[in-house]
Amino acid sequence: MSLDALRAHLRDLEAKGRLERQLAARDDAMPWSDLLWLLQIPAFAGVAIHVVRMANAASATGDGPPRGDFLWFVALALVAIALNRGHRFARTPAQHLRQRLREDGVLAAAAIVQVNQAFWQDGNDQWLPGSVLLCFDPAAWQQPARLTAAAERLFALRDQDRSALPPEHGALAWDLYHSLWPVASTRVPSDLCDGLRDCWLATVTFPPEPLQQHGLLVALALPGEASPHAVALLPRALATDGGA
Amino acid sequence: VDAAPDRGMMRRRMTKEDRLGPPLRDVAIGDVQALGALFAEQRARLAVVRENASWQWLGGVPAGPRAPRAVLHGLYLQLAFVALAAVALILAGFTRGPWLWAFAALAAACLLARAVILGGPVRRTLRSHHRVLLVPALVVARTDVRADDGVGVPHVHALLQPAPPTPASFAALLETAARLRRLLAGEESAPADLEPALARVRAGATAFDGGREPLPALGEAFELARLEVPPLAMPDDALTSRLVFVLVDPETRGPGGVRVAQPLLWGPGGESLYAALREQEAA
């Protein structure tokens, strides 16, 4: 599947509400936005019941509905519409960012820098933390070896004396060394990326079977956004979901 | 919880130099330079957690002895709110009378109660997460208690100093912990004002709730913490050394003021120091 086709497929999944559950979940068990969205069901049911009762009363008396009943209908309808349209305002900043990621994210090439050892075990079925070198430069897809070599160079920084490194390299070495996940992504200088532009060191959760394209991992990411919520590795199952 | 207040303040506390230096793999007990680098690195690790609001490394939000109950009650009240609000919304189709307003009021009460039950612990925990120090603690007494799953969970008394550690303070801690162990074993006569504390440790009847008490008889800086050491929080999945790195809230001596830090906060250098103390004891 081409990258353009894959992005179109992801948009299609998002429109059907099936993309979120395919990406790594970092939410609380019961987000308020979901609960408020669910409450629209009884709210619309209440509106329907009131309309039926109002119509029955009107047909029995032959008059129009009383002004109070009509205003009550308007109030109930407003509540239902507010729940339908407004549940998104109950999202946390992280949920907002992930929503933006699913809607506006671009497909970026990614190479493994480091990952939890359990990822390499046979039969691993867990999502595990790790770091990737993320590249928005289209040249990375044409020459994947450049990105994987850069990722290896980056990993080698981890065991170097950070006081002897240039400050930008030292910051990357520190991020890899402390391994505390998740942290904000860090822009990688192009001299460490073999001239590839717009590369970032990002912490992600690795799906058990990540999607690969041209020998590189495929990430959905928001360009220029450093939050760890602004990047997600795609699982292989996504490419087959919905028969695409 | 998405909150990360006081980020600027935390940045000031950690200097950029804290994260510089070579990777620490082997830290010897008496190596002053390596110990200084280790404590600086641990400060930097704590700063990373705070800057990124990755509170799971400090025990989550809310944290503390009553936190699981508060979370559970918060969950129940959230579910109750949804159920009551759903009933109220459907009832609104039938009536504008007292039944509707009773259910609406109950739903609102659930929201309010949830904010009260969960809000306090969340705010307290966040304040504590911004205050805690990562310090070494030395186990002076230990009892293994079998948990429901059959795994032995050490209940320990550990000596610590609730202040930023330095190589000198660590050396003093080692010395004082050794003396305290001798006092507990009766190999040395104890000062009269220390006897009540020693009796409490020997009796082992205290609650291992992360509380601590000062021991002025041993020095102004020293305090004795009582805590559970979850085996999975140890580098080798069991407490095999006298050393434990703990998170200590300098302002809270009560329950939850001390808890074992996760090994990623110790760093490989901290783990090597843990192993060095184990080997020293074995020798």
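Structure shown above.
In this report, we go over the structure that sits alongside the text.

Things to note about the overall build of chain A
So, point 1. Scanning chain A for helices and strands turns up 8 helices and 7 strands.
So, point 2. Computed over C-alpha atoms, the radius of gyration of chain A comes to 25 Å, more than 25% over the 18 Å expected from 2.2 N^0.38 for 244 residues, which places it beyond the range of a compact globule.
So, point 3. Taken along its principal axes, the extent of the C-alpha atoms in chain A is 90 × 40 × 35 Å.
So, point 4. Contacts in chain A between residues at least 24 apart in sequence constitute 71% of all its contacts with a sequence separation of at least 6.
So, point 5. Of the roughly 11700 Å² of accessible surface on chain A, 56% is carried by carbon and sulfur atoms.
So, point 6. Averaging the coordinates of the 21 positive side-chain charges in chain A and doing the same for the 25 negative ones gives two points 5 Å apart.

Considerations on the sheet that holds strand E2 (residues 152-160) of chain B
All names here are of chain B.
So, point 1. Read from one edge to the other, the open sheet built from 6 strands follows the order E3-E4-E2-E1-E5-E6, with strand pairing classed as antiparallel. Each having just a single partner strand, strand E3 (211-214) and strand E6 (258-260) make up the two edges of the open sheet. For this sheet, the mean inter-axis angle between neighbouring strands, taken without regard to orientation, is 35°.
So, point 2. Of the strand pairs in this sheet, strand E5 (residues 243-248) and E6 are connected by 3 bridges, and their pairing is antiparallel. Within E6, the residue paired with Val246 across the bridge is Val260.

Structural notes on the interface of chain B and chain A
So, point 1. Listed as interface residues are 38 residues of chain B and, on the opposing side, 36 residues of chain A.
So, point 2. Of the roughly 3200 Å² buried at the junction of chain B and chain A (both faces included), carbon and sulfur atoms supply 65%.
So, point 3. Of all residues in chain B, Arg19, Leu89 and Arg96 of chain B bury the most surface against chain A, accounting for 19% of the area lost on that side.
So, point 4. Taken together, the links from chain B to chain A amount to 2 salt bridges.
So, point 5. Asp159 of chain A is the salt-bridge partner of Arg25 of chain B, the closest N and O atoms lying 2.5 Å from each other.
So, point 6. The tally of links between chain B and chain A comes to 13 residue pairs in polar contact (both at pLDDT 80 or more).
So, point 7. Looking at the side of chain B that touches chain A, the elements with two or more residues in it are helix H2 (32-51), helix H3 (67-91), helix H4 (98-131) and helix H7 (263-282) of chain B.
So, point 8. Top element by residues in the side of chain B that touches chain A is H3 of chain B. It accounts for 9 residues.

Some details on unusual backbone geometry
So, point 1. Looking along the chain, the bond that leaves Trp181 of chain A and enters Pro182 of chain A is cis, with omega of 0°.
So, point 2. The topology assignment puts Pro182 of chain A in the loop between helix H7 (167-178) and strand E3 (186-188).
So, point 3. Of note, the bond from Val61 of chain B into Pro62 of chain B is cis; its omega dihedral lies within 30 degrees of zero at -5°.
So, point 4. With respect to the secondary-structure elements, Pro62 of chain B resides in the loop between H2 and H3.
So, point 5. The phi dihedral of Asp194 of chain A falls on the positive side, at around 55°, and the residue is not glycine.
So, point 6. Along the chain, Asp194 of chain A turns up in the loop between E3 and strand E4 (199-206).

Remarks on the packing of aromatic side chains
So, point 1. By the definition in use, this model includes 10 aromatic pairs over all chains.
So, point 2. Ring centres 6.4 Å apart and planes at 35° place the aromatic pair Trp99 of chain B and Phe103 of chain B in the tilted group. Highlighted residues: Trp99 of chain B and Phe103 of chain B, both in helix H4, separated by 4 residues, approximately one helical turn.
So, point 3. Three or more aromatic residues link up through ring pairs in this structure, and these residues are Phe119, Trp120 and Phe206 of chain A.

With respect to the pairing of E5 of chain B
Residue and element names in this part refer to chain B.
So, point 1. With 6 of its 6 residues buried, E5 lies for the most part within the structure.
So, point 2. Side chains of E5 alternate between two faces, with Leu243, Phe245 and Leu247 and Val244, Val246 and Val248 buried alike.
So, point 3. With 6 bridges joining them, strand E1 (residues 133-146) and E5 adopt antiparallel strand pairing. Residue pairing in the sheet places Leu134 in a bridge with Leu247 of E5.

Remarks on the packing of helix H1 (residues 3-15) of chain A against helix H4 (residues 93-104) of chain A
All names here are of chain A.
So, point 1. Viewed as axis vectors pointing N to C, H1 and H4 meet at an angle of 130°, and their least axial separation amounts to 8 Å. By the angle between their directions, the pair H1 and H4 is classed as oblique. On H4, the residues that touch Arg7, Arg11 and Glu14 of H1 are Gln99, Leu101, Arg102, Glu103 and Asp104.
So, point 2. When grouped by side-chain class, the residues that make up the contact of H1 with H4 number 1 nonpolar, 1 polar and 6 charged.

What about the side chain of His229 of chain A?
So, point 1. Mapped onto the fold, His229 of chain A is located in the loop between strand E6 (216-221) and strand E7 (231-233).
So, point 2. Judged by relative accessible area, His229 of chain A falls into the buried class, the value being 19%.

Overview of a positive patch on the surface
Residues and elements named next belong to chain B.
So, point 1. A grouping of Arg66, Arg69, Arg123, Arg124 and Arg127 is seen on the molecular surface, where their side chains present a positively charged patch.
So, point 2. Examining the composition of the positive patch, we find that 3 residues originate from one element, H4, more than from any other.
So, point 3. Of note, Arg123 is situated in helix H4.

Notes on the environment of Leu133 of chain A
All names here are of chain A.
So, point 1. By the secondary structure assignment, Leu133 is in strand E2 (residues 128-135).
So, point 2. The spatial distance from the C-alpha of Leu133 to the C-alpha of Thr203 is 9.0 Å, given a sequence separation of 70 residues.
So, point 3. In this structure Leu133 touches Ala109, Ala110, Ala111, Val113, Leu147, Ala150, Ala151, Leu154, Val188, Cys193, Cys199 and Trp200, once residues within four positions along its chain are discounted.

Thoughts on a nonpolar patch on the surface
So, point 1. On the surface, Phe70, Leu71, Val74 and Leu78 of chain A cluster together into a nonpolar patch covering about 360 Å² of accessible area.
So, point 2. With respect to the secondary-structure elements, Phe70 of chain A resides in helix H3 (residues 67-86).

The rules behind these values
- Residues numbered from 1 in each chain as written.
- Chains lettered and ligands numbered in written order.
- Predicted model: local features only at pLDDT ≥ 70, side-chain atom pairs only at ≥ 80, totals over all residues.
- Heavy atoms only, no water.
- Helix = DSSP H or I, 4+ residues; strand = E, 2+ residues; numbered from the N terminus.
- Rg over C-alpha atoms; globule rule 2.2 N^0.38 Å.
- Contact = heavy atoms within 4.5 Å.
- Areas by Shrake-Rupley, 256 points an atom, 1.4 Å probe, with all protein chains shown as cover.
- Lys, Arg positive; Asp, Glu negative; His and termini not counted.
- Charge placed at Lys NZ, Arg CZ, Asp CG, Glu CD.
- Pairing = 2+ DSSP bridges.
- Axes fitted to C-alpha atoms, helices over the stretch in contact; angles between N-to-C directions.
- Buried area = accessible area lost by both parts, 1.4 Å probe.
- Salt bridge = Lys/Arg side-chain N within 4 Å of Asp/Glu carboxyl O.
- Polar contact = N/O pair within 3.5 Å; in protein donor to acceptor, adjacent residues only side chain to side chain.
- Phe/Tyr/Trp six-rings, centres within 6.5 Å; stacked < 30°, edge-to-face > 60°.
- Buried < 20%, exposed > 50% of the residue type's maximum accessible area, 1.4 Å probe, protein only.
- Parallel < 35°, antiparallel > 145°, perpendicular 65-115°, else oblique.
- Nonpolar A, V, L, I, M, F, W, Y, C, P; charged D, E, K, R; others polar.
- Patch = residues over 30% accessible without salt bridge, like charges linked within 9 Å, V, L, I, M, F, W, Y side chains within 5 Å.

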